[in-house]
Amino acid sequence: MAFHVEISGGITHARSFNLSAEELGRTVIQPWIDKRSIDLGDRKWRPEESELRILEGPELSNPELSFGQAWANAERRGEFGTERMLDEGVQERREGTTGPAGIVIETDSAVQTLASLVSGQRSQSIDMDTLRARIDNGDPSVAAVILVVQRPPA
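A brief look at the structure comes next. Because the structure is predicted, anything quoted here is derived from the model rather than measured.

## As for the packing of aromatic side chains
1) Next: A complete count under the given rule lists 1 aromatic pair for this structure.
2) Next: Its guanidinium or amino end placed over the ring of Trp45, Arg43 lies 3.9 Å from that ring's centre, counting from NZ or CZ.

Here it is as structure tokens:
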């Protein structure tokens, strides 16, 4: 089963075809639920200014995607599932099954705690903008984000 997506705003629209369930969740459903911009086509779409339509159906072949007939073919062979997919995304979020875990560690020595955490591990420091982008873009390799907080001296 494949998913086909259309996002529209006014007279403009963008479409994507043959997405897997994982791709759909990571690139469309979760950003939509979070009210984050979605990159589709040649622009960013803001959920509060756009309309989302999701079709679930068979994967479309190259001939079915050509000559401007892809969306018509997707509609003919698939079923609309926008509301159901968004509801499932919200349910997954409630159950905590999507997105990275967040961990806060309070410590007297942030340097010592970090050294202990990364000892024997391949690690690197990254800036907050890069970290935020990886989370916002649904990087599937991000499993957890650790925030180490230095306790104030007593």
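We are not done yet, so read on.
## Focus: the environment of Ala74
1) Next: Assignment of secondary structure puts Ala74 in helix 3 (residues 70-77).
2) Next: Separated by 18 residues in the primary sequence, Ala74 and Glu56 place their C-alpha atoms 8.2 Å from one another.
3) Next: Filtering out sequence-adjacent residues up to four positions away, Ala74 remains in contact with His4, Phe17, Leu55 and Leu60.

## A closer look at the side chain of Ser50
1) Next: Along the chain, the position of Ser50 falls in the loop between strand 4 (43-45) and strand 5 (51-57).
2) Next: In this structure Ser50 comes out as buried when scored by relative accessible area, which is 17%.
3) Next: In this structure the side chain of Ser50 is engaged in a polar contact, spanning 2.8 Å, whose partner is the backbone oxygen of Arg46.
4) Next: What Ser50 contacts, discounting residues up to four positions off in sequence, is Ile7, Ser8, Trp32 and Trp45.

## Observations regarding the pairing of strand 5
A regular strand carries its side chains on alternate faces of the sheet.
1) Next: In this sheet, strand 5 lies alongside strand 1 (residues 2-9) in antiparallel orientation, the contact comprising 7 bridges. Paired with Glu6 across the bridge in strand 5 is Arg53.
2) Next: Of the pairings in the sheet, the one linking strand 5 to strand 6 (residues 79-80) comprises 2 bridges and is antiparallel in character. Each residue of the ladder has a partner; that of Leu55, found in strand 6, is Phe80.

Thresholds, definitions, all that
- Residues numbered from 1 in each chain as written.
- Predicted model: local features only at pLDDT ≥ 70, side-chain atom pairs only at ≥ 80, totals over all residues.
- Heavy atoms only, no water.
- Phe/Tyr/Trp six-rings, centres within 6.5 Å; stacked < 30°, edge-to-face > 60°.
- Lys NZ or Arg CZ within 6 Å of the ring centre and 35° of its normal.
- Helix = DSSP H or I, 4+ residues; strand = E, 2+ residues; numbered from the N terminus.
- Contact = heavy atoms within 4.5 Å.
- Buried < 20%, exposed > 50% of the residue type's maximum accessible area, 1.4 Å probe, protein only.
- Polar contact = N/O pair within 3.5 Å; in protein donor to acceptor, adjacent residues only side chain to side chain.
- Pairing = 2+ DSSP bridges.

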